[in-house]
Amino acid sequence: MIRHRRLALIDMGTNTFHLMIVELPEARHPEPVVLLRTKVGVRLGEDGISKGEISPEAYARALHTLAAFQEEIELHQVTEVRATATSAVRNASNGPALARDIFEQTGIRVEIIPGAREAELICQGVRQAVPLGLEPHLIMDIGGGSVEFIVANQETIFWKQSFEIGAQRLLDRFYKHDPLTTDDLHELQQYLAQKLAALTAAVQHFRPSALVGASGTFDTLGDLQAARDGQERGPNPPPETPISLDSFYQSYHQILHSTHDQRVAMPGMTPMRADMIVVACVLIDFVLKTYDFLHIRASAYALKEGLLQEMLTQ
């Protein structure tokens, strides 16, 4: 009996855990075939990320989710598993203990990756979805714990940095009122200007031509845009979704001036993201205005697709 080479890729993000199961290229199909894509809102950073730990409730959710992933892995007869953990685990005092418990309970070995490695994998993934060509682009991935910025074209990474200013951290620090007050907003904008000084210098030096957004917030902005246009994107959006400035600011102003319940009720909103999207959109607004970008190219691919691409080319 021929055993097909099947790969499970797990991305343990601060908000969401992703599992992708792929059958690798073989004679029957020269391209990888995705057998399963699933994601779970684990909220690993909730009630703990700003204290440098994973809370007991979040810890339990992580173990439960990895046990469920392991069931899918066995069901699909996976031959190889690659699991990565990012900001919430890498900066938590009990992050190594969580990785150890996951291995003991499921047999899944988790690699806790540094921010620079995370940025490289995100760039690899984005390149599979968004043709960057020869012009430098600014790639932006807003996680719950960290935000990765990469200046790259299709061939070269010119600059990359991971900033520990993810949406859960910003939420913990600046989300004092719902909706945010003018003072809350101003304080957050000042903080971003200070924290992103290195990015400002990189943008001035490399002059990227466009902004490429990856991961959750940009997925939701694409869903909000589609809902406004009377469309349903479904669980598998196209690799690239253009988001105009006008579309972004329609979403942003609605998000900024609404309460939690009003945001949850918006067509296209992911309920788990209804609070984090407020501070994430303030960050996107800051980047658009500070660096004069005229539109957003949203990528449906990020870290796990980058990991897949790396394995296919090794």
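Just so we're clear, the structure is a prediction, and the values are computed from it rather than from any experiment. (Residues numbered from 1 in each chain as written. Predicted model: local features only at pLDDT ≥ 70, side-chain atom pairs only at ≥ 80, totals over all residues. Heavy atoms only, no water.)

Thoughts on the layout of surface pockets
Empty pockets left among the atoms are what a rolling probe the size of a water molecule brings to light.
Part 1: The computed volume of the largest pocket comes to approximately 1000 Å³.
Part 2: Lining the largest pocket are 47 residues; nearest its centre among them are H18, K39, G216, D219 and A300.
Part 3: With 6 residues, the top contributor of residues to the lining of the largest pocket is helix α8 (residues 216–228).
Part 4: Among the residues forming the lining of the largest pocket, the class breakdown is 13 nonpolar, 21 polar and 13 charged. (1 Å grid on protein atoms, 1.4 Å probe; cavity = no way out; pocket = protein on both sides within 12 Å on 5 of 7 lines; lining within 4 Å. Points joined across faces, edges and corners; volume = space filled by probe spheres on them. Helix = DSSP H or I, 4+ residues; strand = E, 2+ residues; numbered from the N terminus. Nonpolar A, V, L, I, M, F, W, Y, C, P; charged D, E, K, R; others polar.)

Some remarks on the side chain of R297
Part 1: Residue placement: R297 occurs in strand β11 (residues 295–299).
Part 2: Separated by 2.7 Å, the side chains of R297 and E240 make a polar contact. (Polar contact = N/O pair within 3.5 Å; in protein donor to acceptor, adjacent residues only side chain to side chain.)

Concerning the packing of helix α6 (residues 182–195) against helix α11 (residues 276–291)
Part 1: The N-to-C vectors of α6 and α11 enclose an angle of 55 degrees; their axes lie 10 Å apart at closest approach. The pairing of α6 with α11 is recorded here as oblique in orientation. Crossing of α6 against α11: the hand is right-handed. On α11, the residues touching L185, L188, Q189, L192 and A193 of α6 are V279, V282, L283, D285 and F286.
Part 2: Residues belonging to the contact of α6 with α11 are distributed by class as follows: 8 nonpolar, 1 polar and 1 charged. (Axes fitted to C-alpha atoms, helices over the stretch in contact; angles between N-to-C directions. Parallel < 35°, antiparallel > 145°, perpendicular 65-115°, else oblique. Left-handed = near helix turned anticlockwise from the far one by under 90°. Contact = heavy atoms within 4.5 Å.)

What to know about empty space enclosed by the protein
Part 1: This structure, assessed with the given rule, holds 1 cavity of 30 Å³ or more.
Part 2: If you add up the space inside the largest cavity, you get close to 40 Å³.
Part 3: If you go around the largest cavity, the residues you meet are F218, D219, G222, R233, P237, P238, P239, T241, A298, S299 and A300.
Part 4: Looking at the lining of the largest cavity, the elements with two or more residues in it are α8 and β11.
Part 5: Looking at the lining of the largest cavity element by element, the count peaks at 3 residues for α8.
Part 6: Looking at side-chain class alone, the lining of the largest cavity contains 6 nonpolar, 3 polar and 2 charged residues.

Quick look at α11
Part 1: Taking 1.5 Å of rise per residue, 16 residues should cover 22 Å, and α11 covers 23 Å from first to last C-alpha, within 8% of that figure.
Part 2: Within α11, 14 of the 16 residues are buried, leaving the element largely enclosed by the surrounding structure.
Part 3: Directly after α11, the chain includes D292, whose backbone phi takes a positive value near 60 degrees. (Expected span 1.5 Å × (residues − 1). Buried < 20%, exposed > 50% of the residue type's maximum accessible area, 1.4 Å probe, protein only.)

Side note on the packing of helix α5 (residues 167–174) against α6
Part 1: Packing of α5 against α6 brings their axes to within 11 Å, and their N-to-C directions diverge by 135 degrees. As judged from the angle between their axes, α5 and α6 are oblique. Handedness of the α5/α6 crossing: right-handed. Facing α5, whose interface residues are L170, R173 and F174, α6 presents D184, E187, L188, Y191 and L192.
Part 2: For the contact of α5 with α6, the class distribution of residues is 5 nonpolar, no polar and 3 charged.

Re the side chain of E23
Part 1: Along the chain, E23 turns up in strand β2 (residues 16–23).
Part 2: Separated by 2.8 Å, the side chains of E23 and H29 make a polar contact.
Part 3: Excluding anything up to four places from it in sequence, E23 contacts H4, R5, R6, R28, H29, E31, P32, V33 and L35.

Thoughts on the sheet that holds β11
Part 1: Read from one edge to the other, the open sheet built from 6 strands follows the order β8-β7-β6-β9-β11-β10, with strand pairing classed as mixed. Each of the sheet's edge strands pairs with one partner strand only, and the pair in question is β8 (157–163) and β10 (240–244). On average, each strand axis in the sheet is tilted by 20 degrees relative to the strand beside it, whichever way the strands run.
Part 2: Looking at chain direction, strand β9 (residues 211–214) and β11 are connected through 4 bridges and run parallel. (Pairing = 2+ DSSP bridges.)

Side note on helix α12 (residues 303–312)
Part 1: Within α12, 8 of the 10 residues are buried, leaving the element largely enclosed by the surrounding structure.
Part 2: Considered for burial, the residues of α12 that qualify are L303, K304, E305, G306, L307, L308, E310 and M311.
Part 3: For α12, the secondary structure elements touched by its buried residues are β1 (6–12), β2, β3 (33–41), β4 (80–85) and α4 (115–129).

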